[in-house]
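Each chain is listed here by its residues.
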Amino acid sequence: MKNRTIAVKGSEITIITQGNEDYISLTDMVRSFGDESIITNWLRNRNTIEFLGIWEQINNPGFKPLEFEGFKKQAGLNSFWISPKRWIETTNAIGLISKAGRYGGGTFAQRDIAFEFGSWLSPEFKLYLIKEFQRLKEDETKRLEEGWSARRMLTKINYRIHTDAI
């Protein structure tokens, strides 16, 4: 897992990579809006639960749809409360990651889900988040291309040295 950060409207937001997926820290995103209870309030929303469930059904073959239906029926009620950890454990979700710990801990969401959360926080914040995320990905692509080009040149030079020696 490699960690990177982006700056969005004065907030440093951590991005981790797990497998081939990028996960953006929801915990870092809410710092300029309040505390982590915002994430739990977002999860209480019926539209949020439906979005998460549909995302999981599309992207996660191990998702548990029956448990999702139970959450979906309760979502929006005043008595309904769910933590990210409970959502993950009950439905076998992969779109959210909940990590304990003072350093590197928090709630992370796959980028599609994080953008949806950003929209819920503020449309302006979401647009800046997307822009910074795209900038980060473009920078990573350029670095990979430069590394590939350098390796290609070294191989070409080594080949010439080798053939000239023969």
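Draft legend 1. Main features of the packing of aromatic side chains. If you walk through the whole model with that rule in mind, you get nine aromatic pairs. Relative to Phe-133, the ring of Phe-115 lies with its centre 5.7 Å away and its plane at 80 degrees, an arrangement referred to as edge-to-face. A residue pair is termed long-range when its members are at least 10 positions apart, and Phe-115 in helix α6 (residues 111-121) and Phe-133 in helix α7 (residues 123-165) qualify at 18 residues. Taken individually, Phe-115 and Phe-133 each receive the classification buried, so the pair is uniform in this respect. Connected via pairs of aromatic rings, a cluster forms that spans Phe-63, Phe-68, Phe-71, Phe-80 and Trp-87.

Draft legend 2. Representation of unusual backbone geometry in the model. A positive phi angle is found at Lys-9, which is not glycine, with a value near 50 degrees. Looking at where Lys-9 falls in the secondary structure, it is placed in the loop between β1 (3-8) and β2 (11-18). Of note in the backbone geometry, Asn-92 takes a positive phi value of approximately 60 degrees without being a glycine. Turning to its location among the elements, Asn-92 is positioned in the loop between α5 (84-91) and β4 (96-99). What makes Asn-92 partly exposed here is its relative accessible area of 38%.

Draft legend 3. Quick look at the confidence of the model for the chain. Averaged over all residues, the pLDDT of the chain equals 87, while 89% of them reach at least 70. Mean pLDDT across the elements of the chain bottoms out in α7 (77) and peaks in helix α3 (residues 46-59) (96).

Draft legend 4. Main features of the environment of Asn-45. The residue Asn-45 is located in the loop between α2 (37-44) and α3 in this model. Look at Asn-45 and you get partly exposed, because its relative accessible area is 26%. For the pair Asn-45 and Leu-77, spaced 32 residues apart in sequence, the C-alpha to C-alpha distance is 8.7 Å. In contact with Asn-45, not counting residues within four places along its chain, are Ala-75 and Trp-120.

Draft legend 5. How the structure looks around the pattern of salt bridges. Under the criterion given, the structure shown has nine salt bridges. Between Asp-22 and Arg-4 there is a salt bridge, with the nearest N and O atoms lying 3.0 Å from each other. Separated by 18 residues along the polypeptide, Asp-22 in strand β3 (residues 21-25) and Arg-4 in strand β1 bring together distant segments of the chain. Between Lys-137 and Glu-140 there is a salt bridge; the shortest N-O distance is 3.1 Å. Within this pair, Lys-137 and its partner Glu-140 are both found in helix α7, separated by three residues, close to a single helical turn. Several salt bridges converge on common partners, so that one network encompasses Arg-4, Asp-22, Lys-137 and Glu-140.

Thresholds applied
Residues numbered from 1 in each chain as written. Predicted model: local features only at pLDDT ≥ 70, side-chain atom pairs only at ≥ 80, totals over all residues. Heavy atoms only, no water. Phe/Tyr/Trp six-rings, centres within 6.5 Å; stacked < 30°, edge-to-face > 60°. Helix = DSSP H or I, 4+ residues; strand = E, 2+ residues; numbered from the N terminus. Buried < 20%, exposed > 50% of the residue type's maximum accessible area, 1.4 Å probe, protein only. pLDDT = per-residue confidence, 0-100. Contact = heavy atoms within 4.5 Å. Salt bridge = Lys/Arg side-chain N within 4 Å of Asp/Glu carboxyl O.

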